[in-house]
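# Close look at the chain arrangement
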Amino acid sequence: MDCTIRTSGDPRDPIETLLLGPEYLARRLYQLSPPEDLTLAMAMVRPSRRFQDDATMKGDVLTAERYGAVRRAYVVAEDDASWSAEFQRRMASWNPGTEVRGLQGADHMPMFSKPRELSELLMEIANK
C-alpha cells in the first residue's frame with residue numbers, strides 16, 4: 001500500500017524503519033474505529049524500527065527459568081484487516097498456556113473499535 005521502509009545511519013550497520021501510510025492505517029488498522037481515532041493516528045504516526053535484532057529480545061530479559069511466570073492471554077481481533085483471525089490464533093499457539101479469546105467486530109485497534117467489549121473481556125480474564 002502506502003507504507004515506506006527506509007534505512008539510515010551507518011551504511012555498515014544501517015537502521016531500518018517502517019512508516020505506516022494513511023491509506024494503510026485507514027484500510028488495515030482502523031477500518032472499524034471511530035474516524036477521530038484514525039485522524040489522531042495519522043497525525044501521530046512516526047517511523048519505527050523493526051523488531052529484528054531488538055535489544056530487549058536478547059540477553060537476560062527473557063529467560064527459560066522465568067517463562068510462564070505470568071499468565072498470558074491473547075485477544076483475537078476477529079475483523080482485523082491486517083492480521084487474519086487464523087494467523088492471530090497461530091501466533092498465540094506459539095506460546096503454550098496462552099488463553100485465547102475472540103472479540104467480534106474488532107479491527108486491529110480493539111481499544112478504539114470495541115473499547116467497552118475489550119474492557120469487559122479483559123476484566124473477565126483478570127478475574128479468573
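Check the entry above for the structure.
Remember, predicted model here, so these are calculated numbers, not experimental data.

From N to C terminus, the chain includes 5 helices and 5 strands. Helices and strands in the chain line up, N terminus first, as β-β-α-α-β-β-α-β-α-α. Taking the principal axes of its C-alpha atoms as reference, the chain extends roughly 50 × 45 × 25 Å. Burial analysis of the chain (128 residues in total) assigns 21% to the buried set. Residue pairs at least 24 apart in sequence account for 57% of intrachain contacts in the chain once pairs closer than 6 positions are excluded. Of the roughly 9,300 Å² that the chain leaves accessible, carbon and sulfur atoms contribute 55%. Between the centroid of the 17 positive side chains of the chain and the centroid of its 20 negative side chains there is a distance of 2 Å.

Turning our eyes to something else, we now look at helix α5 (residues 115–126). If you check α5, its first and last C-alpha atoms are 16 Å apart, about what 12 residues at 1.5 Å a residue would give, namely 16 Å. Residues of α5 that are buried: Leu 118, Leu 121 and Ile 125. Along the long axis of α5, the arc covered by the buried residues comes to 65°, so they all point the same way. Exposed and oriented more than 90 degrees from the buried face of α5 are Arg 116 and Ala 126. Looking at the buried positions of α5, the neighbouring elements they touch are β4 (73–77), β5 (99–103) and α4 (110–113).

Within a sheet, neighbouring strands are paired by backbone hydrogen bonds and run either parallel or antiparallel to one another. Ordered in space as β1-β2-β3, the 3 strands form an open sheet in which the pairing is antiparallel. On the outer flanks of this sheet lie β1 (4–8) and β3 (48–49), each paired with one strand and no other. Where strand β2 (residues 15–19) meets β3, 2 bridges bridge the pair, whose relative direction is antiparallel. Its bridge partner being in β3, Leu 18 is matched across the sheet by Ser 48.

One pass over the structure, following the stated rule, counts 9 salt bridges. As a salt-bridge pair, Arg 89 and Glu 78 come within 2.6 Å of each other at their nearest N and O atoms. Linking Arg 89 in helix α3 (residues 85–93) with Glu 78 in the loop between β4 and α3, this pair joins segments that are 11 residues apart in sequence. Put simply, Glu 86 and Arg 90 hold a salt bridge, and the shortest N to O gap is 3.5 Å. Taken together, the residues Glu 86 and Arg 90, both in helix α3 and 4 residues apart, mark about one turn of the helix. Accessibility expressed as a relative area gives 37% for Arg 90, which makes it partly exposed.

This part takes up the pairing of β5. With 5 bridges connecting them, β4 and β5 associate as parallel partners. The residue bridging Val 76 from the neighbouring strand is Gly 102, located in β5. One crossover worth recording links β4 to the parallel β5 by way of α3, and it is right-handed.

The rules behind each value
Residues numbered from 1 in each chain as written. Predicted model: local features only at pLDDT ≥ 70, side-chain atom pairs only at ≥ 80, totals over all residues. Heavy atoms only, no water. Helix = DSSP H or I, 4+ residues; strand = E, 2+ residues; numbered from the N terminus. Buried < 20%, exposed > 50% of the residue type's maximum accessible area, 1.4 Å probe, protein only. Contact = heavy atoms within 4.5 Å. Areas by Shrake-Rupley, 256 points an atom, 1.4 Å probe, with all protein chains shown as cover. Lys, Arg positive; Asp, Glu negative; His and termini not counted. Charge placed at Lys NZ, Arg CZ, Asp CG, Glu CD. Expected span 1.5 Å × (residues − 1). Arc of directions from axis to C-beta. Pairing = 2+ DSSP bridges. Salt bridge = Lys/Arg side-chain N within 4 Å of Asp/Glu carboxyl O. Right-handed = clockwise from strand over helix to strand, strands pointing away.

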